[in-house]
Amino acid sequence: MSETIELTPAETRVWQAFPRGESVDFRAEDEDPALDITHGAERTLRATVLRALLLKAPREEGEIAALRITGARITGVLDLKYASIDAAIRLSHCRFDSVPDLYGAHLRQLDLRNSVLPGLTAGTLRVDGVLRMTDCRMSGLVRLAGAQISGALFMERAEFTAADGSEPVLLLNQAEIGDDLSAPELRAYGQVRLTGASVAGRIIIQDAEFDNPGGIALDAQNLTVQGHIRARCLRARGRIELRGAHIPGRLDLFHARLSNPGGTALRASSCVIGELWISHGDRIKGTLNLRRSHIEILTLEPDMIPERVLLSNLRYTVLTPHEPAERRLPMLERDGGPYEPHSYEQLMAAYRHVGDDDAARLVQLAKLRRRRATLVWYGRLWGYVQDATVGYGFRPLRAAVWLLSVMAVGSIAFGLHHPRPVKAGEAPDFNPVFYTLDLLLPVIDFGQESAFAPRGWYQWLSYVLIITGWILATTIVTGVTRTVSRQ
């Protein structure tokens, strides 16, 4: 290399340090890495020199070669596409003028911490160790689609923005990560894609910010995570898309702030999730979609539930925190779609799972009332009668109150005006209470109704009592039958 291209003093330092894996630090002793420092010729490296170094530089016997550079400016395109490099690469606190091209490369390890790049092209990249982009600032699209990273991917406090304001800013779709994806306090101003990605460890995006108002902020459809997703204090403007994700561990959204007004804020439909925690945060702004998902433990605080929530065919075993049925029922009425009995059945099962039968009965009653609205007019009318009289069988004391009230009215009325006997001299002594009971109870005969015949409006009163008795008897039998069948 030195015979064909004249090396600068800075490049000579790097060339000499590489065979022994020594670090070359171009920073001043008191330099603040957070500031934009002007990079002069004494700390500028050409990308073509680095490429030749990695691909052609001789190795020293007994030494482990590595490219370790700190605080340099790298000009030109670092083109390593399809290259296979067994030396570790660390380019920390560096500033890249052009987008590095690592498409299809096979690297041992790549460390870009604290560096500033206009983007990164690294689709189908293979890394045998870890890929570290901690504290990086990316001002263009980062392509890692299909990447295979045997170790962990570190993106703590990294910032991703698009040069022209368009989306996306980070592509990790179909990527395979053999350990954790650690990105707490990440900032993404545009869409992040994780569709079809596989993470063998955890995803840590605590305190992260995904900002793509009106669009998809995080697209993680069909994501597979073997561990947990820790997303506490997450802030998202735009949709979080998790449709079809498989997360056997925990999806932790404690203190999260999700906002996508007029659209879907969180879509976790058709998912398999061990535990979903939506709690202790601001109320979700936008639709919450959990349709067709299977969740073992669902932690869902009523105060976080938005105006519209989609729960069709959602299955869960445990629902926490334990809340009165009156606090849970409104979420079943915010679907906006047709009547879905499954949602009520699932909530009843959750209450029965913890032994709260009273709450389960309230949910069943609410289910019957909502179903009533879907019936034809005579079905709705009969439903109103059952509801008013015995609460669809869940209010047996109400039937007793109705029965005693009507019996009191009839007893007083017929006590003040005895009906005439059907056959004079053969009728038993008139008893207004048992006469009223004879009219009310269709299966009991005290011999009073057949022996006396009222006239005028008393006759109409007797008809009312007979009809009321039949209604009460039918609704009570219906309620008892429903109770027995539930048990």
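Computed from a predicted structure; not experimentally measured.

**Considering the overall build of the protein**
Working step 1: The helix and strand inventory of the protein stands at nine helices and 38 strands.
Working step 2: Residues counted as buried form 49% of the 487 residues belonging to the protein.
Working step 3: Considering only contacts in the protein between residues 6 or more positions apart, those separated by 24 or more positions represent 45%.

**A short note on a nonpolar patch on the surface**
Working step 1: Together, Val433, Phe434, Val443, Ile444 and Phe446 line one region of the surface with nonpolar side chains, adding up to about 440 Å² of accessible area.
Working step 2: The topology assignment puts Phe446 in the loop between α8 (432-440) and β38 (452-453).
Working step 3: Since its relative accessible area comes to 38%, Phe446 is described here as partly exposed.

**Remarks on unusual backbone geometry**
Working step 1: That bond from Thr320 to Pro321 is cis: its omega, -10 degrees, falls within 30 degrees of zero.
Working step 2: Tracing the backbone shows Pro321 in the loop between β36 (315-320) and α3 (325-332).
Working step 3: For Cys233, which is not a glycine, the phi torsion comes out positive at approximately 60 degrees.
Working step 4: Relative to the helices and strands, Cys233 resides in the loop between β28 (229-230) and β29 (235-241).
Working step 5: For His255, which is not glycine, the phi torsion reads 60 degrees and is therefore positive.
Working step 6: Position of His255 among the secondary structure elements: in the loop between β30 (246-252) and β31 (257-267).

**Structural notes on the pairing of strand β33 (residues 285-289)**
Working step 1: Across the five residues of β33, four count as buried, placing the element largely inside the fold.
Working step 2: Where β31 and β33 come together, four bridges link them in parallel fashion. Residue pairing across strands places Thr264 opposite Thr287, the latter belonging to β33.
Working step 3: Bridge count between β33 and strand β35 (residues 309-310): two bridges; the pairing is parallel. Bridged to Asn289 within β35 is Leu310.

**Regarding the confidence of the model for the protein**
Working step 1: Per-residue confidence for the protein gives a mean pLDDT of 87, with 90% of residues at or over 70.
Working step 2: The least confident element of the protein is helix α9 (residues 457-486), whose mean pLDDT is 69; the most confident is strand β17 (residues 153-154), at 98.

**Points about the environment of Thr436**
Working step 1: Along the chain, Thr436 turns up in helix α8.
Working step 2: Owing to a relative accessible area of 0%, Thr436 belongs among the buried residues under this scheme.
Working step 3: The sequence separation of Thr436 and Phe446 amounts to 10 residues, and the corresponding C-alpha distance is 10.0 Å.
Working step 4: If we ignore the near neighbours within four places in the chain, the residues touching Thr436 are Val406, Met407, Gly410, Ser411, Phe414 and Leu465.

**Some points on the environment of Val422**
Working step 1: Considering the arrangement of structural elements, one finds Val422 in the loop between β37 (420-421) and α8.
Working step 2: A residue is classified by how much of its surface remains accessible, and Val422, at 45% relative accessible area, is partly exposed.
Working step 3: C-alpha separation for the pair Val422 and Ala451, spaced 29 residues apart in sequence, amounts to 5.4 Å.

**Some points on the nonpolar core**
Working step 1: Within the largest apolar cluster, 120 residues are counted, with the highest numbers of intra-cluster contacts made by Leu67, Ile69, Leu91, Leu144, Met155, Leu181 and Phe210.
Working step 2: Counting residues in each nonpolar core, the second largest holds 14 residues, with Met407, Tyr435, Ala451 and Leu465 among its members.

**Details of the pattern of salt bridges**
Working step 1: Using the criterion set out here, one finds 20 salt bridges in the structure.
Working step 2: Glu22 is paired through a salt bridge with Arg20; the nearest N and O atoms lie 3.0 Å apart.
Working step 3: Relative accessible area serves as the criterion here: at 38%, Glu22 is assigned to the partly exposed category.
Working step 4: Note that Asp135 is salt-bridged to Arg157, the shortest N-O span being 2.8 Å. Linking Asp135 in the loop between β13 (131-132) and β14 (137-138) with Arg157 in the loop between β17 and β18 (159-161), this pair joins segments that are 22 residues apart in sequence.
Working step 5: One network of salt bridges, in which partners are shared, links Asp79, Lys81 and Asp101.

**Looking at the packing of aromatic side chains**
Working step 1: Throughout the structure, instances matching the rule amount to three aromatic pairs.
Working step 2: Look at Tyr82 and Tyr103: their rings are 5.7 Å apart centre to centre, the planes differ by 80 degrees, and that puts the pair in the edge-to-face class. With Tyr82 in the loop between β4 (73-75) and β5 (84-85) and Tyr103 in the loop between β7 (95-96) and β8 (106-107), this residue pair connects regions lying 21 residues apart in the sequence.
Working step 3: Tyr82 gets classed as exposed once you look at its relative accessible area, which sits at 59%.
Working step 4: An angle of 45 degrees between the planes, with centres 5.1 Å apart, marks the rings of Phe254 and Trp277 as tilted. Here the residue Phe254 occupies a position in the loop between β30 and β31, and Trp277 occupies one in strand β32 (residues 272-278), the gap between them amounting to 23 residues.
Working step 5: Taking the ring centre of Phe154 as reference, the NZ or CZ of Arg132 above it sits at 4.2 Å.
Working step 6: Note that Arg250 overlies the ring of Trp277, its terminal NZ or CZ placed 4.6 Å from the centroid.

**Some points on α3**
Because each turn of an α-helix spans 3.6 residues, side chains separated by three or four positions in sequence point in the same direction.
Working step 1: Looking at α3, one finds that the buried residues are Ala325, Arg328, Leu329, Met331 and Leu332. Viewed end-on, α3 has its buried residues packed into an arc of 155 degrees, placing them on one side of the element.
Working step 2: In this structure, the buried residues of α3 make contact with β34 (294-300), β35, β36, α4 (341-353) and α5 (357-372).

**Quick look at α5**
Working step 1: For α5, built from 16 residues, the straight-helix expectation of 22 Å at 1.5 Å per residue is met to within 8% by its first-to-last C-alpha distance of 23 Å.
Working step 2: Of all the residues in α5, the buried ones are Ala359, Ala360, Val363, Gln364, Leu365, Ala366, Lys367, Leu368 and Arg372.

Criteria and thresholds
- Residues numbered from 1 in each chain as written.
- Predicted model: local features only at pLDDT ≥ 70, side-chain atom pairs only at ≥ 80, totals over all residues.
- Heavy atoms only, no water.
- Helix = DSSP H or I, 4+ residues; strand = E, 2+ residues; numbered from the N terminus.
- Buried < 20%, exposed > 50% of the residue type's maximum accessible area, 1.4 Å probe, protein only.
- Contact = heavy atoms within 4.5 Å.
- Patch = residues over 30% accessible without salt bridge, like charges linked within 9 Å, V, L, I, M, F, W, Y side chains within 5 Å.
- Areas by Shrake-Rupley, 256 points an atom, 1.4 Å probe, with all protein chains shown as cover.
- Salt bridge = Lys/Arg side-chain N within 4 Å of Asp/Glu carboxyl O.
- Pairing = 2+ DSSP bridges.
- pLDDT = per-residue confidence, 0-100.
- Core = buried A, V, L, I, M, F, W, Y, C linked by side-chain atoms within 4.5 Å.
- Phe/Tyr/Trp six-rings, centres within 6.5 Å; stacked < 30°, edge-to-face > 60°.
- Lys NZ or Arg CZ within 6 Å of the ring centre and 35° of its normal.
- Arc of directions from axis to C-beta.
- Expected span 1.5 Å × (residues − 1).

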